[in-house]
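# Structural overview for review
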Amino acid sequence: MEIIHISAECYPVAKVGGLADVVGALPKYQQQNGDIAKVVIPCYKTRFLFENEFELVHQGGIWMGSQWRHFNVIKEKHNKLGFDLYLVDIPGLLDNEQVYGHHNDPERFLGFQIATLDWIRSWRHRPDVLHCHDHHAALIPFMITQCSSYARLEDIPTVLTIHNAQYQGQFGWDRWQWLPAFDWWKSGLLDWDHAINPLASAIKCSWRVTTVSPGYLDELMFSAAGLESLLQGEKQKCSGILNGIDTEVWNPADDEQLPKNYTTRNLAGGKKANKEALCSRFGLNPDLPLVSFIGRLVGEKGADLLPGIIGQADYETDHGISFLVLGSGDPYVAWQLEELKTYVRQPNYNVYIGYDEALSHCIYAGSDFLLMPSRVEPCGLNQLYALRYGTVPVVRMAGGLKDTVIDFGDEGGYGIRFMHPSVADACHALRRSVELFQQKSQLGELRRKMMKLDFSWKKSARQYADLYSSLK
Ligand SMILES: Nc1ncnc2c1ncn2[C@@H]1O[C@H](COP(=O)(O)OP(=O)(O)O[C@H]2O[C@H](CO)[C@@H](O)[C@H](O)[C@H]2O)[C@@H](O)[C@H]1O
């Protein structure tokens, strides 16, 4: 079976968040299972582009309204990622370093999708599935079924995976001419709330819709940033498939980013060495329980709650807890987190504003607890990385967090859960964390248990394979 993943991100080529991790890993496991999995993403000017070798596989041109745009498709030459990687290069549109945040993002991602289809249309054979990830690839199901220029592709099954329904990629009807020609009476398939809404369109037009955890699918039925009724109506084609993690990239036994590698055998010593290195870099006291946060500084992740949580927990424990934050995003939250250093000082708190992949690995390994006060969490990968590194996840019961973290107070449990995204609930969970930290043997046992859990892609890749087979 040949599966084409179409996405805006793919680790390690271009990563902003968890979408990249999934698209960089799932295809690798699909290849290992005997399928052919290919990934197509925009050709941004990231380091990966300059540090690797590519070959030109296609040249073409597309119309977007009255604008003609030339494009190239290049392929990474040496199968570095374990699957074929294709980059769609549209000069003047996609050739920036930043993945998102441009004034013309709708036009950029639409151009990417049209060029991708234009290229696939030129193949002699047809792939078995087009797997579209998030809104950046979500106009494809509409275009292949409704735009006459892609009629050749019309009966290829399409799967939409929703990694995050908060972002839908809407743009105004004044820009409908950017799309390839379609019958106007079909425009309802593009519309949601009087705008062209790519995510809504894919929910309507794709053969199947998946969410990145079953819990998130349940949540979307009553909280989906305006798409609730649409999802309820299309419920029969929706399913939740939990994300896995790439256990080759995230493995404390041979992670090259860590000061010391460890397994369940040298767990205590390994965690200690990593914690000491991390604490010494950030001026923290290694004898205190270390709670970390890694992520985008946005409301969904509850990042705005962090200053309150950290201040309150520091006060309640009489400086008996330490915090480290790694994140980037909302400038106001970033400023607040910097400001907090004047109230909660070293050795109890430090923050690194920015994006640093290597540091994130050191934090998963060197922390005792990973805090995730998310308001919305479609799956969440951080808690899965934390588990793999023997770090106790302290999570708000949302979406995928609820599906993957069982409270250590319950049978078979290993993490800490709390109910509401509030300072009070998070602080209560942190008090439990401090108590757990003092029970050294219980903590050691939990760490061993967490590291043995299997959240690899094996099971989830099989679920996707079953889904694709059902489309034949
Ligand atoms: N400042 C920083 N420096 C270094 N690394 C950083 C970082 N900020 C974040 N990261 C890394 O980015 C990834 C974030 O993963 P999440 O699952 O939180 O993704 P995100 O919310 O972006 O994606 C959406 O898609 C994913 C995948 O489906 C879902 O799991 C998730 O719930 C959904 O919101 C992790 O690998 C994390 O370590």
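Residues numbered from 1 in each chain as written. Predicted model: local features only at pLDDT ≥ 70, side-chain atom pairs only at ≥ 80, totals over all residues.

Accessible area lost during the coming together of the parts is what is often quoted as the interface size. Under the domain assignment, the protein is made up of domain 1 (2–244 + 458–469) and domain 2 (267–454). Measuring from the centre of the C-alpha atoms in domain 1 to the corresponding centre in domain 2 gives 33 Å. With 15 residues of domain 1 at the interface, the matching set in domain 2 holds 10 residues. Looking at the side of domain 1 that touches domain 2, the elements with two or more residues in it are α1 (18–32) and α6 (214–220). (Domains from an automatic or database assignment. Contact = placed C-beta atoms within 7 Å. Helix = DSSP H or I, 4+ residues; strand = E, 2+ residues; numbered from the N terminus.)

So, on to the site of the ligand. By nearness alone, 26 residues border the ligand, and Gly17, Gly18, His163, Cys379 and Leu381 come closest of all. Broken down by secondary-structure element, the contributors of at least two residues to the shell around the ligand are α1, β12 (290–297), β13 (322–329) and α11 (357–366). When its residues are assigned to classes, the shell around the ligand shows 9 nonpolar, 12 polar and 5 charged. (Near = placed C-beta within 6 Å. Nonpolar A, V, L, I, M, F, W, Y, C, P; charged D, E, K, R; others polar.)

This next bit is on the UniProt feature "domain: Glycosyl transferase family" (unreviewed entry) in the protein. Sequence positions flagged by UniProt for "domain: Glycosyl transferase family" (unreviewed entry) are, in local numbering, residues 282–409. Secondary structure content for residues 282–409 is 34% helix and 23% strand, and the end C-alpha separation is 32 Å. (UniProt positions renumbered as here; feature names shortened; annotations may be inferred.)

For an α-helix, the turn length of 3.6 residues means that residues three or four places apart are oriented alike. Leu306, Pro307, Ile309, Ile310, Ala313 and Asp314 are the residues of helix α9 (residues 306–316) that are buried. Angular distribution of buried residues about the axis of α9 spans 165°; they occupy a single face of the element. Contact partners of the buried residues in α9: β12, β13, α10 (331–339), β14 (349–353) and α14 (423–438). Just beyond α9, the residue with positive phi is Asp318, at close to 55°. (Buried ≥ 20, exposed ≤ 12 C-beta atoms within 10 Å, placed from the backbone. Arc of directions from axis to C-beta.)

Glancing now at the environment of Asp368. Within the secondary structure layout, Asp368 lies in the loop between α11 and β15 (369–372). The class for Asp368 is buried, based on 23 C-beta atoms found within 10 Å. For the pair Asp368 and Ile140, spaced 228 residues apart in sequence, the C-alpha to C-alpha distance is 44 Å. When neighbours within four sequence positions are excluded, Asp368 is seen to be in contact with Pro289, Leu290, Val291, Thr391, Val392 and Phe437.

Before going further, it helps to examine the pairing of strand β5 (residues 84–89). For β5, a buried count of 5 out of 6 residues is recorded, marking the element as mostly surrounded by other parts of the structure. Across 5 bridges, strand β2 (residues 36–42) lies against β5 in parallel orientation. Considered in β5, the bridge of Lys38 is made with Asp84. Note: strand β4 (residues 67–76) against β5, 4 bridges, orientation antiparallel. (Pairing = 2+ DSSP bridges.)

Here the focus is the packing of α9 against α14. Relative orientation and spacing of two packed helices are given, respectively, by the angle between their axes and the distance between those axes. Running from N to C, α9 and α14 point in directions that differ by 45°, and their axes come no closer than 9 Å. It follows from the interaxial angle that α9 and α14 lie oblique. Considering only the axes of α9 and α14, their crossing is right-handed. Taking contact as the criterion, the partners of Gly308, Ile309, Gln312, Ala313 and Glu316 in α9 are, on α14, Val423, Ala426, Cys427, Leu430 and Arg431. Looking at side-chain class alone, the contact of α9 with α14 contains 6 nonpolar, 2 polar and 2 charged residues. (Axes fitted to C-alpha atoms, helices over the stretch in contact; angles between N-to-C directions. Parallel < 35°, antiparallel > 145°, perpendicular 65-115°, else oblique. Left-handed = near helix turned anticlockwise from the far one by under 90°.)

To continue, consider the pairing of β12. The buried count for β12 comes to 7 of 8 residues, which makes it a mostly enclosed element. Pairing geometry for β12 and β13, over 8 bridges, is parallel. Within the sheet, the bridge partner assigned to Ser292 lies in β13 and is Leu324. Between β12 and its parallel partner β13, the chain crosses via α9, and the hand of that crossover is right-handed. In the sheet, β12 pairs with β15 via 2 bridges, with the strands oriented parallel. Residue Val291 lies in a different strand from β15, and its bridge partner there is Phe369. (Right-handed = clockwise from strand over helix to strand, strands pointing away.)

The next subject is the nonpolar core. Ranked by size, the top nonpolar core spans 146 residues in total, and within it Cys10, Val88, Cys132, Ile140 and Val394 carry the most contacts. Per-element tally for this core: the top contributor is helix α3 (residues 105–121), with 8 residues. Counting the residues that make up this core, at least three belong to each of domain 1 (2–244 + 458–469) and domain 2 (267–454). Not counting the four nearest positions on each side in its chain, Ile140 is found in contact with Ile6, Gln113, Leu117, Leu130, Cys132 and Thr158. (Core = buried A, V, L, I, M, F, W, Y, C linked by C-beta atoms within 7 Å.)

Bringing the environment of Lys452 into the picture now. On the secondary structure map, Lys452 appears in helix α15 (residues 440–452). C-alpha separation for the pair Lys452 and Thr264, spaced 188 residues apart in sequence, amounts to 8.1 Å.

Strand order in the open sheet formed by 6 strands is β14-β13-β12-β15-β16-β17, with parallel pairing between adjacent strands. Looking at strand neighbours, the two that pair on one side only are β14 and β17 (416–418), the edges of this open sheet. Recorded for the sheet is a direction-independent mean angle of 15° between the axes of neighbouring strands. Where α10 meets the sheet, it contacts β12, β13 and β14, and its direction lies at approximately 150° from that of β14.

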